[in-house]
Amino acid sequence: MDRRLQSPSLSPAPTMASPLRSAAFSSLLALSLGAVGVGASSCGDSAADGEPTSGPVGPGTTGSGGGEGGQGGSTGEGGTSGETARDVFEASVQQGLMAECGACHQLQGAADAPFLAAPDVYVSVTTYPGVVVPNANQSVLVTRPADPGHGGGQAPNMSDALRAKVLPWLALEAARIPPNDSSTQFVTPFKPKLMGALNTIYLGDLDPTLENVSITFNAYELGQPPSMLVLENLEVHPIADMSLRVVHPLFTMYPDEGGDPVPDPADSYSGLDDLFEVTGRRKLGTGTLVHTAWQKDAYLGLAFELVEIVGGYIPPTDCLALAAFDSNAKPALNVCATQCHGGQNPQATGAMDLSKLATDGAKSCRQVRARIKPGQPAQSQILLVTNPLDLSAHVFKFQGSLTAYDTFKNQVTPWINAED
Ligand code: HEC
């Protein structure tokens, strides 16, 4: 069948102008995952009786509706009025996390996962991928330590006492996740090839920069009549010279005869925020997903909270002042290359690739140029995010040393000005 994809719908308004439009798509209900989720304790069916719209189901619909579902976070523990989620974290959670997990999860800790990094532990932990999710029980903060493979089997599980404090706090965070339909990108629902056949979804129509980027999987049904759809070998295929960021893909079942779409009841990828490169790992999460509310002949939809190219692919411009870069900025940027941006941390390197700082000044300069405002040092990202006095979530801020920051600033400023 025609598996053309369509442009992202940036609003809930119907945009199904393709020939695929059919009864199956014209009467979709806006469902919140919290209401549909099989595992979640339903908070009243009325929650599911949303307004009829024709919009596809995207991860953004997990918003406030889903937050109150899964976990018993509404018991009020730590939720004293006027207290922010940060207050609760700092009063009842932070100390315990530092004691049990800090040795490995601070900056330069044994684990390469510094979600407890100074200077602002709350920012570090809440911005870490997979920590704040609609269902607190699925936060990596609780699931990873409980996995026997955590830290290669050497790392401990979380104590029951700490978990009893962590879960209510995470539930508070979950309830605050804003609905973000507008940032959701949809693939037009299609009927997957079954019996283990290979399916390929091209993402080019979501955004022109994603031309030739694809997601592949093998699909088969379970049950008679079919009640589950198994997707195996789920892989992401970027193309050369790009880092592709994929956030929270959500597979949804659209019944053949119309009726309510059912998003993946487990919301398997709710915590996924990952980078892919053509030379690297391809697997999407665990690589396997089982949609447990599948129906015979149903369509499969795929939505993303976000899928985008990060870093240098959107062709960075050549530097005008390469000599100034080489003599002034390059030595100063060495610290960035040795800490994270030189390849050690894929996310950081995807955002600004300094792996060739020593050998390819022109390439490195292009990468950094994409992170400055030529002629405006004060508006330049490299100086904003590394400022110890700035609140943005950037792992490295010169260990809080203003002196070191000022030195850096003085070294890169002449080059930033020369680029104008
Ligand atoms: C002895 C060192 C050690 C301690 C203590 C430790 N961890 Fe870990 N942790 C690791 C290592 C190593 C990894 C990376 C490998 C892995 O994912 O298992 C890791 C990975 C993780 C991840 C996954 C990070 C990612 O990349 O997504 C989470 C979440 C996590 N730990 C949470 C915790 C929590 C919560 C605690 C405290 C209860 C804790 N860890 C205590 C060593 C430790």
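Residues numbered from 1 in each chain as written. Predicted model: local features only at pLDDT ≥ 70, side-chain atom pairs only at ≥ 80, totals over all residues.

Draft legend 1. Spatial organisation of the overall build of the chain. Assigned secondary structure in the chain consists of twelve helices and nine strands. Taking all 420 residues of the chain together, the buried fraction comes to 39%. For the chain, the share of sequence-separated contacts (at least 6 apart) that also reach a separation of at least 24 residues comes to 68%. (Helix = DSSP H or I, 4+ residues; strand = E, 2+ residues; numbered from the N terminus. Buried ≥ 20, exposed ≤ 12 C-beta atoms within 10 Å, placed from the backbone. Contact = placed C-beta atoms within 7 Å.)

Draft legend 2. Local environment of the sheet that holds strand 2 (residues 197–202). Strand order in the open sheet made by the four strands is 2-3-4-8, with antiparallel pairing throughout. Taken across any chain shown, the strands that pair with only one partner, and hence form the sheet edges, are strand 2 and strand 8 (289–291). When strand polarity is set aside, the average angle formed by the axes of neighbouring strands in this sheet is 30°. (Pairing = 2+ DSSP bridges. Axes fitted to C-alpha atoms, helices over the stretch in contact; angles between N-to-C directions.)

Draft legend 3. Representation of the pairing of strand 5 (residues 243–254) in the model. Burial of strand 5 is extensive: eleven of the twelve residues sit out of reach of the surface. In this sheet, strand 9 (residues 299–310) lies alongside strand 5 in antiparallel orientation, the contact comprising eleven bridges. Across the sheet, T252 pairs through a bridge with G301, a residue of strand 9. By the bridge criterion, four bridges tie strand 5 to strand 7 (residues 273–276) in an arrangement that is antiparallel. Looking at strand 7, one finds that V247 is bridged to D273.

Draft legend 4. Structural view of the nonpolar core. The biggest cluster of nonpolar side chains holds 48 residues, and the ones touching the most others in it are L116, V166, W169, L170, L333, V368 and V412. Put simply, the parts of the chain that give this core at least two residues each are helix 4 (85–105), helix 5 (121–127), helix 7 (160–175), helix 8 (322–341), helix 9 (346–351), helix 10 (361–369), helix 11 (381–384) and helix 12 (402–418). The element best represented in this core is helix 7, accounting for eight residues. Viewed by domain, this core spans two of them, domain 2 (73–175) and domain 3 (322–418), each represented by three or more residues. Within the second largest apolar cluster, 35 residues are counted, among which are V187, V236, Y254 and Y299. (Core = buried A, V, L, I, M, F, W, Y, C linked by C-beta atoms within 7 Å. Domains from an automatic or database assignment.)

Draft legend 5. Representation of the site of the ligand within the structure. Of all residues adjacent to the ligand, which total 19 residues, the nearest are C101, C104, A111, G151 and A155. Elements that contribute at least two residues to the shell around the ligand include exactly helix 4 and helix 6 (140–146). Sorting elements by how many residues they give to the shell around the ligand places helix 4 first, with five residues. Broken down by class, the residue content of the shell around the ligand amounts to twelve nonpolar, five polar and two charged. (Near = placed C-beta within 6 Å. Nonpolar A, V, L, I, M, F, W, Y, C, P; charged D, E, K, R; others polar.)

Draft legend 6. Geometry of the confidence of the model for the chain. Per-residue confidence for the chain averages 76 on the pLDDT scale, and 75% of its residues sit at or above 70. Per-element confidence in the chain is highest for strand 8, whose mean pLDDT is 96, and lowest for helix 1 (residues 23–26), whose mean pLDDT is 28. Here residues 61–80 scores under 50 on pLDDT; set against residues more than four positions off or in separate chains, the count is 60 contacts. Taken as a whole, residues 178–183 scores under 50 in pLDDT and shows 15 contacts with residues more than four places along the chain or in a different chain. (pLDDT = per-residue confidence, 0-100.)

Draft legend 7. Focus on unusual backbone geometry. P119 follows A118 through a cis peptide bond whose omega is 5°. Here P119 lies in the loop between helix 4 and helix 5. Omega for the bond connecting Q224 with P225 falls within 30 degrees of zero, at 0°, which places this linkage in the cis form. Tracing the backbone shows P225 in the loop between strand 3 (214–222) and strand 4 (228–237). Positive phi, close to 55°, is recorded for M195, a residue that is not glycine. Here M195 lies in the loop between strand 1 (185–190) and strand 2. Of note, D297 is a non-glycine position whose phi angle comes to about 65°, a positive value. Within the secondary structure, D297 sits in the loop between strand 8 and strand 9. With 12 C-beta atoms counted inside 10 Å, the residue D297 sits in the exposed group.

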